[in-house]
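Letter by letter, the chains look like this.
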Amino acid sequence: MAHPNLQFKTNYAVSGKIEPFYKGGKVQISKDEKYIFCTCGSRVNVLEISTGKVVHSVEHDDQEDITSFALSSDDELLVTASRALLLKQWNWRQAQCTRSWRAIHTVPVASMTFDSTSTLLATGGCDGTIKLWDVEKQYCTHNLKGSSGVVHLVQFHPDISRLQLLSSSLDCGIRLWDLRRSVCVCVLQSHYSAVTSLSFSPDGDTMVSSGRDKICTVWDLKSQKAKRTVPVYEAVEGVVLLPENKALSQIGVKSKDLHFITAGSKGILRVWNASTACCVYTQTHTTTSENEEEEKDDDPRSLTFLLHLPASSRLATVTAEHNILLYQLPGLTTQQQFVGYSDEVLDVKFLGQDDSHIVVATNSCQLKVFELLTNSCQILYGHTDTVLSLDVFKKGFLFASCAKDRSVRVWQMDSDSGQVRCVAVGSSHTNAVGSIACSRMKVSFIVSGSQDCTLKVWPLPTDSITAGDNICQLTPRTTEKAHDRDINSVTVSPNDKLLASGCQDRTAKLWSLAGEGDVGLLGVFRGHRRGIWAVCFSPVDQVLATSSADGTTKLWSLQDFSCLKTFEGHDASVLKVVFVSRGTQLLTSGSDGLVKLWTIKTNECVKTLDAHQDKVWGLHVSRKDDKMVTGSADSNITVWADVTEVELAEEQAKQEDTILKQQELSNLLHEKKFLKALGLAIALDQPHTVLTVIKAIRQVEDGKGLLEKTVLKLRLDQKESLLGYCAVWNTNARNCHDAQAVLHVLLTHVPPEELLQYQGARTHLEGLIPYTERHMQRIGRLLQASMFLNYMWEKMRVAGAPSSVDPDEHMDITPLAQPFYIIDTEKGAHGVDDGKKNGDDSSGEQDDDQDRPAVEDENGDEEFSVTAKGSTDEGQTENTNGNRNNESEESLEEEQMDEDERNQMGKFIPPLPVSSAAHCQTLTS
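First, a word on what this report is: a plain description of the structure on this page.

Some details on the pairing of strand E33 (residues 377–380)
If a strand is regular, its side chains alternate between the two faces of the sheet. Residues of E33 alternate between two faces, with Cys 377 and Ile 379 on one and Gln 378 and Leu 380 on the opposite face, all of them buried. Sheet topology places strand E32 (residues 367–371) next to E33; 4 bridges connect them, and they run antiparallel. Bridge pairing in E33 places Leu 367 opposite Leu 380. Here E32 folds back onto E33, and the loop between the two strands holds 5 residues, one of which, Asn 375, carries a positive phi near 65°.

Printed below as a string of structure tokens:
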């Protein structure tokens, strides 16, 4: 049962992201050794080494991939080259392009570099030419021809006084160019494969070159001949000459001879003595397997770049899987690791105390453990094929993994240092292991499900796991042929007595784990139309949740194996399902890239979270139920925080603020501080409250003048809002008088040019016109009806009263000389008041100012007569234009009001006294 005080979750917000920043290509480190520059498609990302976060990024507007880039020696200029044959110069700290020019190359630029003065830029093209640019004076200084094929390596000699450039292309030679004469001095021939890197001695007379032909060559640049060829037995991608004045005995440097370090296809760093051509030190991996002796061409550990950081005595390597590792000399200890590209994220789980880390399984044989605060990463080696699934034990320091290499592994995180090591391995399946689950109550066993259709239960010897550095070999206690097709998911119940499995055969099965013997089948859940991707036990109820490729999630009873509820909402396969809020809500992720939050009681999808562009394979909730993490095939890992309480607190604070402002508004109205009241009502964005203030202003003495002063004192943005409110009020006959009063002020005092500058002014004015015309027509009809009533009163004869009216006198229905457009409500009020004195109560739509004395009868008679003429002409215009036949549904209310007023006019009217006849005659004269 749910806790009575349990609050349902309503929303999650992104609290952190781990995104790809390097997808292959060149990597360069700034001279101050604070930043790493690397390419990622059409961008160059700048990674801050201390925090592991991308702090700057420059991107080409044309979205063309960047083929090469170079950072100047003073770290000020960044130049990029794209497939569009454009060179762009950047102020990379501001991400601003300061200059762009055509590269002149007929094909894309493959390599580029700056000289030590940051003045000359060399670009090597795929067309076999090399061009040099003066970036300060902005012109091309040299055009060097003679290379065959792609020039993939260009490098200036470190001694700028020599003005020499070295290059290499597909002919495997190293060309030495004299820039003073623009000629090739010589071609150094030694390699039979592509030359990958060059490294110079401090005096500039000795150079070491590396190649993919598995040799390194030491050159004497004075004689321009090879001094020694060193076979290294691996394709070398990078070489660095070690400094002579540092104590490097830990890595085998015990003499003053020239030593260099290589990085290549074996994925390890090795130190060589250039004089003896001997390897004096070989780096070892802590998790090297016995069967990894042979070199593989696609080894993910193979290194593609080796960079030297002389100021901090560090080395940086880049692996084939786009990981960047920093090593500290002299011991070559791993200092930092950055994951540039994770490819497809297959599973992700929280790890460590207070869920401070996450462990990620990607489309790789490596596991990656990220610290969420710093994004620093630890790469775990052990599996030899793609890791498919992960699960974590209750305390969060032990977790298990399974892979396509048919093995399962148990890993342990040190609670103090955060370092992770493999403590147990089990290999008994005959096919890829696709799912794994850990025991819930204590560290006692793990369960694996494989593509060989079997379930295996692996007991864990906790004593040997927690103590010692040796890797324990696991043996399965039970093997059960569970399904007919691949097992996609397994899970263990909270009491460790039940096991559930989900399979591609569209069924889920419930198994008993209570005994020490075989796994026993308890029942089968049938109902999904396609394969089942995930199964999960409820933490509180005897319920099982399953998610399927048919796009649905189902809840099943463990008692009778019946389907209790079905949740539909995803457009594609539902890949993961987990319980949250103590078993009262569900989180699901699907192939549509969406994560959905469901309330079980109502079957309602409370929230849909969209932060991924591809399948969301990984979904896990923290132990405190306040965070979740998702991993997707788009290589993005997103950490979400539960913001239900935050949003609720914000909503409560907003309500309290609204109540205080409402009270303040009432006080202002009571004190008749209309300007502040109107401004506050507009700030609250409450049109009805603004209307109330307008009505209050119009009801006071000299309301017209006060309204004019108040409206004109409003700010520009407040007038804009008021105009929008008027357009809404004008659609209702009850509020049209207030809307027209405000419009009268705006139209008479605000210049048209300024009025049209208001946001949405044209739309509001266009909406005002048709409703205003209908209101004018309605008022015209009312005035016609009241004039006809006056005429009837005029013709009435009271018994015994003398005739004081000329029988030949008729009602004046002469039309006005010009059309009637504006009615002065203040003047019209005199006529209405006169009508009320004569017993007419049909003027409810007119201005309700009843306290104004009826004075100046002569003027009042004239004003009423003009109004009557205007109403007659308006009625004629209406019939001529045929507007009455085109009235919309909005005028129904107005017509009903007209009818009610006419009915009131038609009621029995008591006989008028004799003295009233003369007054009627005066009104109509």
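Resuming the write-up.
Structural notes on the side chain of Asp 347
Following the sequence through the fold, Asp 347 ends up in strand E30 (residues 345–351). Among the polar contacts made by the side chain of Asp 347, one reaches the side chain of Lys 349 at a distance of 3.2 Å. If we skip the residues at most four places from it in the chain, Asp 347 touches Val 359, Val 360, Ala 361, Leu 388, Ser 389, Leu 390, Lys 576 and Gly 618.

What to know about helix H7 (residues 736–749)
For H7, which comprises 14 residues, the first-to-last C-alpha distance of 20 Å matches the rise-based estimate of 20 Å (1.5 Å per residue) to within 8%. All buried positions along H7 are accounted for by Cys 736, His 737, Asp 738, Ala 739, Ala 741, Val 742, Leu 743, Val 745 and Leu 746. Close packing links the buried residues of H7 with helix H4 (687–699), helix H5 (703–712), helix H6 (716–729) and helix H9 (761–795).

Section: the nonpolar core
Val 690, Leu 707, Leu 722, Leu 723 and Trp 729 are the most contacted members of the largest nonpolar core, which has 33 residues in total. Secondary structure elements with two or more residues in this core: helix H2 (644–670), helix H3 (674–683), H4, H5, H6, H7 and H9. Other than its neighbours up to four places away in sequence, Leu 722 contacts Val 690, Val 711, Leu 714, Trp 729 and Val 742. Counting 17 residues, the second-largest nonpolar core is a separate cluster that includes Phe 393, Val 410, Val 423 and Ile 446.

Observations regarding the environment of Ser 168
Among the secondary structure elements, Ser 168 is positioned in strand E15 (residues 164–168). Overall, Ser 168 belongs to the buried group, its relative accessible area being 2%. Expressed as a C-alpha distance, the spacing of Ser 168 and Val 187, which sit 19 residues apart in the sequence, is 9.3 Å. Excluding its chain neighbours within four sequence positions, the residues that come into contact with Ser 168 are Val 150, Val 151, His 152, Leu 153, Gly 173 and Val 195.

A few points about the side chain of Thr 553
The residue Thr 553 is located in strand E49 (residues 552–557) in this model. The exposure class assigned to Thr 553 is buried, which follows from its relative accessible area of 1%. Look past the residues within four positions of Thr 553 in its chain and what remains in contact with it is Thr 546, Ser 547, Lys 565, Thr 566, Phe 567, Val 574, Val 577, Leu 586 and Thr 588.

Some points on the pattern of salt bridges
Considering all chains together, one arrives at 21 salt bridges under this definition. Across the pair Lys 222 and Asp 205 runs a salt bridge, and its minimum N-O distance is 3.6 Å. Note that Lys 222 is positioned in the loop between strand E20 (215–220) and strand E21 (225–231) and Asp 205 in the loop between strand E18 (195–200) and strand E19 (206–211), a separation of 17 residues in sequence. Look at Lys 222 and you get exposed, because its relative accessible area is 64%. A salt bridge links Arg 440 to Asp 391, with the nearest nitrogen and oxygen atoms 3.1 Å apart.

Details of the sheet that holds strand E8 (residues 86–91)
What holds strands together in a sheet is hydrogen bonding between their backbones, with the strands either parallel or antiparallel. Taken in spatial order, the 4 strands of this open sheet run E6-E7-E8-E9, and their pairing is antiparallel. Looking at which strands have only one partner, the edges of the open sheet turn out to be strand E6 (66–71) and strand E9 (96–102). The sheet shows a mean angle of 20° between the axes of neighbouring strands, direction not considered. Inspection of the sheet shows strand E7 (residues 78–82) paired to E8 by 4 bridges, in the antiparallel sense. Bridging from a neighbouring strand, Thr 80 pairs with Lys 88 of E8.

Topic: the sheet that holds strand E34 (residues 387–392)
Strand order in the open sheet made by the 5 strands is E34-E35-E36-E37-E41, with mixed pairing throughout. The strands lining the two open edges of the sheet, one partner per strand, are E34 and strand E41 (472–473). In this sheet, E41 lies alongside strand E37 (residues 420–427) in parallel orientation, the contact comprising 2 bridges. Paired with Ala 424 across the bridge in E41 is Cys 472.

Looking at the packing of H7 against H9
Remark: H7 packs on H9, axes separated minimally by 12 Å, with the N-to-C direction vectors making an angle of 120°. In terms of orientation, H7 and H9 fall into the oblique class. Seen from above, H7 lies across H9 with left-handed handedness. Judged by residue contacts, Cys 736, His 737, Gln 740 and Leu 743 of H7 engage Leu 768, Thr 772, His 775, Arg 778 and Ile 779 from H9. Among the residues making up the contact of H7 with H9, the classes are represented as 4 nonpolar, 4 polar and 1 charged.

Focus: unusual backbone geometry
Between Leu 329 and the following residue, Pro 330, the backbone shows a cis peptide bond with an omega angle of 10°. Positive phi values are uncommon outside glycine, yet Asp 75 reaches one of about 65°. Relative to the helices and strands, Asp 75 is located in the loop between E6 and E7. A relative accessible area of 7% means that Asp 75 is categorised as buried. The backbone phi angle of Ser 182 is positive, close to 60°, even though this residue is not glycine. Take Ser 182: it is sitting in the loop between strand E16 (174–178) and strand E17 (183–188). The class of Ser 182 is partly exposed, set by a relative accessible area of 38%.

Some points on the packing of aromatic side chains
Scanning the entire structure with this criterion turns up 9 aromatic pairs. Taking 5.0 Å as the distance between ring centres and 85° as the angle between the ring planes, the aromatic pair formed by Phe 37 and Trp 92 counts as edge-to-face. Here the residue Phe 37 occupies a position in strand E3 (residues 35–40), and Trp 92 occupies one in the loop between E8 and E9, the gap between them amounting to 55 residues. In textbook terms, an aromatic cluster arises when at least three aromatic residues are bridged by ring pairs, as seen for Tyr 35, Phe 37 and Trp 92.

Points about H9
The end-to-end C-alpha separation of H9 is 51 Å, in line with the 51 Å expected for 35 residues at 1.5 Å each. Along H9, the sharpest kink reaches roughly 25°, centred on Ile 769 and followed within four residues by the proline Pro 770.

Here we look at the packing of H6 against H7
Look at H6 against H7: their axes get within 8 Å of each other, and the N-to-C directions meet at 145°. In the packing of H6 onto H7, the handedness of the crossing is left-handed. Between H6, through Leu 722, Leu 723, Cys 726 and Trp 729, and H7, the contact on the second element is made entirely by Cys 736, Ala 739, Val 742, Leu 743 and Leu 746. Residues belonging to the contact of H6 with H7 are distributed by class as follows: 9 nonpolar, no polar and no charged.

Rules behind the numbers
Residues numbered from 1 in each chain as written. Predicted model: local features only at pLDDT ≥ 70, side-chain atom pairs only at ≥ 80, totals over all residues. Heavy atoms only, no water. Buried < 20%, exposed > 50% of the residue type's maximum accessible area, 1.4 Å probe, protein only. Helix = DSSP H or I, 4+ residues; strand = E, 2+ residues; numbered from the N terminus. Pairing = 2+ DSSP bridges. Polar contact = N/O pair within 3.5 Å; in protein donor to acceptor, adjacent residues only side chain to side chain. Contact = heavy atoms within 4.5 Å. Expected span 1.5 Å × (residues − 1). Core = buried A, V, L, I, M, F, W, Y, C linked by side-chain atoms within 4.5 Å. Salt bridge = Lys/Arg side-chain N within 4 Å of Asp/Glu carboxyl O. Axes fitted to C-alpha atoms, helices over the stretch in contact; angles between N-to-C directions. Parallel < 35°, antiparallel > 145°, perpendicular 65-115°, else oblique. Left-handed = near helix turned anticlockwise from the far one by under 90°. Nonpolar A, V, L, I, M, F, W, Y, C, P; charged D, E, K, R; others polar. Phe/Tyr/Trp six-rings, centres within 6.5 Å; stacked < 30°, edge-to-face > 60°. Bend = angle between axes of the 7 residues up to and from the residue.

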